[in-house]
Amino acid sequence: MRKFKVVSPYEPSGDQPQAIQKLAEGFLRGDRYQTLKGVTGSGKTYTMAKIIEAVQRPTLIISHNKTLSAQLYREFKDFFPNNAVEYFVSYYDYYQPEAYVPARDLYIEKDAAINKEIDQMKMAATYSLMERRDVIVIATVSCIYGLGMPELYKSMRVHIEKGETVDTHKLALELAQIQYTRNDMVLERGTFRIRGDIIEIYPPYMEFDEAYRIELDFDEVFRIRRFNAVSGKTTEELDETVIYPAKNFVVPQDQLTIATERIQNEMEERVENLLSAGKMLEAERLKTRVTYDIEMMKEMGYCSGIENYSAPIAGRKPGEPPATLLHYFPDDFLCMIDEAHVTVPQIGAMYEGDRSRKQNLVDFGFRLPSALDNRPLKIDEFTAKMNQVIYVTATPRPQEIKQSTQVVEQIIRPTGLLDPIIDVRPSEGQMEDIYKEVKARIEKGERSLILTLTKKMAEDLTDYLLGLHLKVKYIHSEIDTFERVEILKSLRTGEIDVLIGINLLREGIDLPEVSFIAILDADKIGFLRSATSLIQIIGRAARNENGMVVMYADNMSDAIKEAVGETRRRREIQQKYNEEHGITPHTVSKAVQDILIRQQKDAEENEAVQLDIMKKSANLFDAKQRKKLIDMLKKEMSECADRLEYEQAAAIRDQIIEIENTYGKGKGK
């Protein structure tokens, strides 16, 4: 097996070596839980990589959102170019789950736009875990949702080797059973084609557009090649190969037959219960739907929404947890939970939200009761499945600290930068004070952040500072991702000097040009001004050698005391280390384009026109205007789904369908 090997021009420095050594030793002696308490900018990601190199175990890294997961994925791909680094996040660009709104008797069908590239990466993750041990999977909390059973996924693979006799008709049937589609014209991911004595198979999980070509001499396999599906160039000659299923949800025919009997029995029992309760409509609805699904499974081996039948298919008892990505890992794996103070609570919250939505579907005859067991893991089930865990966060919660056999601090930054200076000032006269501080930073070519408690306050303060001829903008939840990126970029390049927001932590990027942060209403009680939030906010100024944070407050809350005390403690340790090693701190230099890697897309025109104006003024017979309106409606639909406003999202979807059916989709550029 390949060994994990970090490739980097740097060596561990500061207190990275002791953190790596302590945590690796703790893992190897069997510590169940440990915590890496690393300050912002201390190189926690590099430390994580070196721990993996030290322990040599398959590793799962869980982060709380796609943006941070993508950032980690790129970094670990760079650290481990010779190992399997995989990406496992939700593959939906847009997802509206199946739901029922009893108050309006409104059924909302599942609707989704699947990102094929991310779908391929998810398949690559499960494939790698089946084939090798030098695997690192970067995942979001989607890893706790139901997935096909790893035992079936592995048992249904098709093995082909040179010299064996192959019946092409039988092979085609085997490939169809593991969800490959035959297409003798075009070879695409998840398809195969047979042309004479040549069989070509294109698995969906191959990273570099690679497919397999099996050449027969009469019925005997005499050559197996891996080739590039785009160029046709052979990349490797093989003696044997294994083809894994094209989907994670696959079931052998004999097991599917038994499963359909279970589903049939459950349906009959449930229909009888509904009838006895006087629910005639619900009973008929359920019977019609489930009968159709059973017929599809018998004929095709699959049906739409087959995951809702995962419990009877797997033979799980009511309430038993589903198989997830965690079940694909060997028993001795390492789990690292990044930003654990946010990620762990998020994992714990998934089950209840999923349950409440599905309960309506069951109660009103849209799904069988067993559909409730197609769900995310409960927090105790997740915990039971963990082997050994390292929490990674700058601000661990008491729960993480209590669980951990050791909490290893990583306070020294490789750059020598110190935690910022902290000052608490009264709120009276705060605007004049902020103006003075901001002007001082502008003269030095540095930037400032101001954190408010409400959107209205952020907007009003922006207007006030604009009136004082400062270059300032605000960010809040109503600003979309595209514009958010441009605002952050303009801050870093100096087009604006001040950025105002409510919770600038969610941007997930570094702003080394920022040397001053003002926190308004710092003494207010709430999660935005908790000790954890304040410490995280303070870390935003830790990328600049002149970093300073001013909290405007009339009372010294417990959160302020804790944040100030912790920051000063860290700063003293960092200063002492720098003095002992003759280090002079220097501001981090990072290219502006590193702010976010995003795909180029034609969004400027859509951003320029407000949706409500467009709805009223668009000429739907004009293909160009029609396409623009449809694009904007899809964007609004996606945002409604993100906010869990499924009813509104469904209404917008119906509006899009009506426009497309009446006028066409629109092909204007």
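You'll find the structure just up there.
The rules behind each value
- Residues numbered from 1 in each chain as written.
- Predicted model: local features only at pLDDT ≥ 70, side-chain atom pairs only at ≥ 80, totals over all residues.
- Heavy atoms only, no water.
- Pairing = 2+ DSSP bridges.
- Helix = DSSP H or I, 4+ residues; strand = E, 2+ residues; numbered from the N terminus.
- Axes fitted to C-alpha atoms, helices over the stretch in contact; angles between N-to-C directions.
- Expected span 1.5 Å × (residues − 1).
- Buried < 20%, exposed > 50% of the residue type's maximum accessible area, 1.4 Å probe, protein only.
- Arc of directions from axis to C-beta.
- Contact = heavy atoms within 4.5 Å.
- Core = buried A, V, L, I, M, F, W, Y, C linked by side-chain atoms within 4.5 Å.
- Phe/Tyr/Trp six-rings, centres within 6.5 Å; stacked < 30°, edge-to-face > 60°.
- Parallel < 35°, antiparallel > 145°, perpendicular 65-115°, else oblique.
- Left-handed = near helix turned anticlockwise from the far one by under 90°.
- Nonpolar A, V, L, I, M, F, W, Y, C, P; charged D, E, K, R; others polar.
- Right-handed = clockwise from strand over helix to strand, strands pointing away.
- Salt bridge = Lys/Arg side-chain N within 4 Å of Asp/Glu carboxyl O.
- Patch = residues over 30% accessible without salt bridge, like charges linked within 9 Å, V, L, I, M, F, W, Y side chains within 5 Å.
- Areas by Shrake-Rupley, 256 points an atom, 1.4 Å probe, with all protein chains shown as cover.
- Lys, Arg positive; Asp, Glu negative; His and termini not counted.
- Charge placed at Lys NZ, Arg CZ, Asp CG, Glu CD.
- Disulfide = S-S within 2.5 Å.

Peer 1: Give me the sheet that holds strand β23 (residues 498-501): which residues, what numbers.
Peer 2: Here 6 strands make up an open sheet; going across it, the order is β20-β25-β24-β21-β23-β22 and the pairing parallel. Two strands bound the open sheet, and with one partner strand each, they are β20 (421-425) and β22 (472-475). The average undirected angle you get between the axes of adjacent strands in this sheet is 20°. With 5 bridges connecting them, strand β21 (residues 447-451) and strand β24 (residues 514-519) associate as parallel partners.

Peer 1: Can you break down helix α1 (residues 16-28) residue by residue, with the values?
Peer 2: Here α1 spans 18 Å end to end across 13 residues, near enough to the 18 Å set by a 1.5 Å rise per residue. For α1, the set of buried residues is Q16, A19, I20, L23, A24, G26 and F27. Projection of α1 onto a plane perpendicular to its axis shows the buried side chains occupying an angular sector of 160°, all on one side. Those residues of α1 that are buried lie in contact with β1 (33-38), α2 (44-55), β17 (334-338), β18 (388-393) and β19 (406-410).

Peer 1: Break down the nonpolar core for me, citing the residues and quoting the values.
Peer 2: Ranked by size, the top nonpolar core spans 60 residues in total, and within it L60, V137, Y205 and L325 carry the most contacts. With 6 residues, helix α4 (residues 116-131) is the single largest residue contributor to this core. Contact partners of L325, with chain neighbours within four places excluded, come to L60, F88, T126, L129, V137, A139, C143 and L147. Formed by 33 residues, the second largest nonpolar core is a distinct cluster that contains F4, L23, M336 and V408.

Peer 1: How would you summarise the packing of aromatic side chains if you had to cite specific residues and measurements?
Peer 2: What the rule picks out here adds up to 15 aromatic pairs. For the ring pair Y127 and Y244, a centre distance of 5.5 Å and an interplane angle of 75° mean the geometry is edge-to-face. Of this pair, Y127 sits in helix α4 while Y244 sits in the loop between β16 (240-243) and α7 (253-276); the two residues are 117 residues apart in sequence, bridging distant segments of the chain. Each member of the pair, Y127 as well as Y244, carries the same accessibility label: buried. Aromatic side chains F329 and F333 sit 4.9 Å apart centroid to centroid with 35° between the ring planes, which places their arrangement in the tilted category. The exposure class of F329 is buried, given its relative accessible area of 4%. Overall, the relative accessible area of 2% leaves F333 in the buried class.

Peer 1: Give me the lowdown on the environment of G526, citing residues and values where you can.
Peer 2: Within the element layout of this structure, G526 appears in the loop between β24 and α16 (531-538). Remark: the alpha-carbon pair of G526 and A559, spanning 33 residues in sequence, is separated by 9.7 Å.

Peer 1: Describe in detail the packing of α16 against helix α17 (residues 558-581), supporting the description with residues and values.
Peer 2: Put simply, α16 and α17 touch, their axes get as near as 8 Å, and they point 40° apart. Compared by their axis directions, α16 and α17 come out oblique. Here the hand of the crossing between α16 and α17 comes out right-handed. Side by side, α16 and α17 meet where A531, L534, I535 and I538 of the first sit next to A559, I560, E562, A563, E566, T567 and R570 of the second. Looking at the contact of α16 with α17 residue by residue, the class counts come to 7 nonpolar, 1 polar and 3 charged.

Peer 1: Explain the sheet that holds β17 residue by residue, including any values.
Peer 2: Judged by pairing direction, the sheet is parallel, and its 7 strands sit side by side in the order β3-β8-β2-β17-β18-β1-β19 without closing on themselves. On the outer flanks of this sheet lie β3 (84-88) and β19, each paired with one strand and no other. Between one strand and the next, the sheet's axes are offset by a mean angle of 20°, whatever the strand orientation. Here 5 bridges tie β1 to β18, and the two strands are oriented parallel to one another. Bridging from a neighbouring strand, Y33 pairs with V389 of β18. Where α1 meets the sheet, its contacts fall on β1, β17, β18 and β19, and the angle it forms with β19 comes to roughly 160°.

Peer 1: Any details on the side chain of H64? Residues and values, ideally.
Peer 2: On the secondary structure map, H64 appears in the loop between β2 (59-62) and α3 (66-79). Taking relative accessible area as the criterion, H64 reaches 18% and is therefore assigned buried. Those residues within four positions of H64 in sequence are excluded, and the remaining contacts are E339, V342, T343 and Q346.

Peer 1: Please give an account of helix α8 (residues 280-300) that cites residues and values.
Peer 2: It helps to recall that an α-helix has 3.6 residues per turn; residues three or four apart then point in one direction. Taking 1.5 Å of rise per residue, the 21 residues of α8 would be expected to cover 30 Å, and the 30 Å separating its terminal C-alpha atoms lies within 8% of that figure. Among all positions of α8, only E282, A283, L286, V290, D293, I294 and M297 are buried. All buried residues of α8 fall inside an arc of 110° around its axis, so they share one side. Exposed positions of α8 whose direction lies more than 90 degrees from the buried face are M280, L281, Y292, E299 and M300. Where α8 is buried, its residues meet α7, α9 (310-314) and α10 (340-363). Immediately downstream of α8, the backbone of G301 shows phi near 75°, a positive value.

Peer 1: Could you give an account of the pairing of strand β25 (residues 548-552), with specific residues and numbers?
Peer 2: Walk down a regular strand and you will see the side chains alternate between the two sheet faces. Burial analysis of β25 places 5 of its 5 residues in the buried class, which makes it a mostly covered element. Side chains M548, V550 and Y552 project from β25 onto one buried face, and the interleaved V549 and M551 project onto a second face that is buried too. Strand direction decides the pairing type here: β20 and β25, joined by 5 bridges, are parallel. Note that in β25 the partner of I421 across the bridge is M548. Of the strand pairs in this sheet, β24 and β25 are connected by 4 bridges, and their pairing is parallel. Looking at the pairing, I517 lines up with V549 of β25. Taking the sense of rotation as the criterion, the β-α-β connection linking β24, α16 and β25 turns out right-handed.

Peer 1: Tell me about the pattern of salt bridges, and please be specific about residues and values.
Peer 2: All chains considered together, the criterion is met by 41 salt bridges. Residue E409 pairs with K37 through a salt bridge whose shortest N-O separation is 3.8 Å. One end of the pair, E409, is in strand β19; the other, K37, is in strand β1, with 372 residues separating them in the sequence. Assessed through its relative accessible area of 25%, E409 is described here as partly exposed. Where R570 meets D419, a salt bridge forms, and the shortest distance between an N and an O atom there is 4.0 Å. With a gap of 151 residues between them, R570 in helix α17 and D419 in the loop between β19 and β20 connect regions that are remote in the sequence. In this structure, R570 and D419 share a single accessibility class: buried.

Peer 1: Explain a negative patch on the surface residue by residue, including any values.
Peer 2: The grouping of D167, D197, D217, D219 and E220 at the surface amounts to a negative patch. Residue placement: D197 occurs in the loop between β11 (191-195) and β12 (198-202).

Peer 1: How would you summarise unusual backbone geometry if you had to cite specific residues and measurements?
Peer 2: For Q179, which is not glycine, the phi dihedral falls at a positive 75°. Along the polypeptide, Q179 turns up in the loop between α6 (168-177) and β10 (181-182).

Peer 1: Hey, could you go over the state of the cysteines for me, with residue numbers and the actual values?
Peer 2: One pass over the structure, following the stated rule, counts 0 disulfides. In this structure C143 is a free cysteine whose sulfur lies 7.3 Å from that of C335, the closest cysteine sulfur available. When its relative accessible area of 0% is taken as the criterion, C143 is described as buried. Take C335: its relative accessible area is 0%, and that puts it in the buried class.

Everything listed here is a matter of coordinates, which is why it stays silent on function.
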